[in-house]
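# Structural features, examined
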Amino acid sequence: QVRLVESGGGLVQAGGSLRLSCVASGSGFRINAMDWYRQAPRKQRELVARITGGGTTNYADSVKGRFTISRDNAKNTVYLQMNSLKPEDTATYYCNGSILVGSGYLELWGQGTLVTVSS
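Everything quoted here is computed from the prediction, not taken from an experiment. (Residues numbered from 1 in each chain as written. Predicted model: local features only at pLDDT ≥ 70, side-chain atom pairs only at ≥ 80, totals over all residues. Heavy atoms only, no water.)

A few words on the state of the cysteines. In the structure shown here, the tally under the stated rule is one disulfide. For C22, the disulfide goes to C95, at an S-S distance of 2.1 Å. Between C22 and C95 the sulfur-sulfur dihedral comes to about 65 degrees; the bridge is accordingly right-handed. In this pair, C22 is assigned in strand β3 (residues 18-25) and C95 in strand β9 (residues 91-101), connecting sequence segments 73 residues apart. On the basis of relative accessibility, which here comes to 0%, the residue C22 falls in the buried class. The buried category is assigned to C95, whose relative accessible area is 0%. (Disulfide = S-S within 2.5 Å. Helix = DSSP H or I, 4+ residues; strand = E, 2+ residues; numbered from the N terminus. Buried < 20%, exposed > 50% of the residue type's maximum accessible area, 1.4 Å probe, protein only.)

Now the structure itself:
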């Protein structure tokens, strides 16, 4: 069974930085694309950043220039480096992965990690 587990959230002051990690565990799998989403209270979940299997990245306009998504295939881990954080970045952050297992793909979600940015 393949699982995604996020970590790295916490409380930070505006202007600060955090690095989120999403680790895939299990056996017999390969991470294809991975997304980071976030959901603030009373708001819809939104896509923040994406990294494809080939390493191409895309970002929401609201985080461009501040957030960086990267991956370490040897560690089955995807990171989200968040700099110059703003109070409006406060949300629960989720990773969402397209995971190749055997001959098929699974879409998996992590449990989320809370990021709180104080002003």
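Attention shifts here to the pattern of salt bridges. Summed over all chains, the structure comprises five salt bridges. Ionic pairing is found between R50 and D35, a salt bridge with its closest N-O pair at 2.6 Å. A residue pair is termed long-range when its members are at least 10 positions apart, and R50 in strand β5 (residues 46-51) and D35 in strand β4 (residues 29-39) qualify at 15 residues. A relative accessible area of 33% places R50 in the partly exposed class. Between D61 and K64 there is a salt bridge, with the nearest N and O atoms lying 3.2 Å from each other. Beyond isolated ion pairs, a larger network of salt bridges with shared partners links R38, E46, R66 and D89. (Salt bridge = Lys/Arg side-chain N within 4 Å of Asp/Glu carboxyl O.)

Okay, the environment of F67 next. By the element assignment, F67 lies in strand β7 (residues 67-72). Owing to a relative accessible area of 3%, F67 belongs among the buried residues under this scheme. When the C-alpha atoms of F67 and M82 are compared, they prove to be 4.5 Å apart, with 15 residues separating the residues in sequence. Once you skip the residues sitting within four places of it in the chain, F67 turns out to touch R38, V48, Y59, L80, Q81, M82, N83, L85, D89 and Y93. (Contact = heavy atoms within 4.5 Å.)

Following the sequence through the fold, M34 ends up in strand β4. Overall, M34 belongs to the buried group, its relative accessible area being 0%. The sequence separation of M34 and E46 amounts to 12 residues, and the corresponding C-alpha distance is 14 Å. Leaving out residues up to four positions away in the same chain, M34 has contacts with L4, C22, A49, R50, I51, I69, V78, C95, N96 and G97.

For D35, a relative accessible area of 5% puts it in the buried group. Only 2.6 Å separates the side chain of D35 from the side chain of R50, close enough to count as a polar contact. Contacts of D35, omitting those with residues within four sequence positions, involve L47, A49, R50, Y94, C95 and N96. (Polar contact = N/O pair within 3.5 Å; in protein donor to acceptor, adjacent residues only side chain to side chain.)

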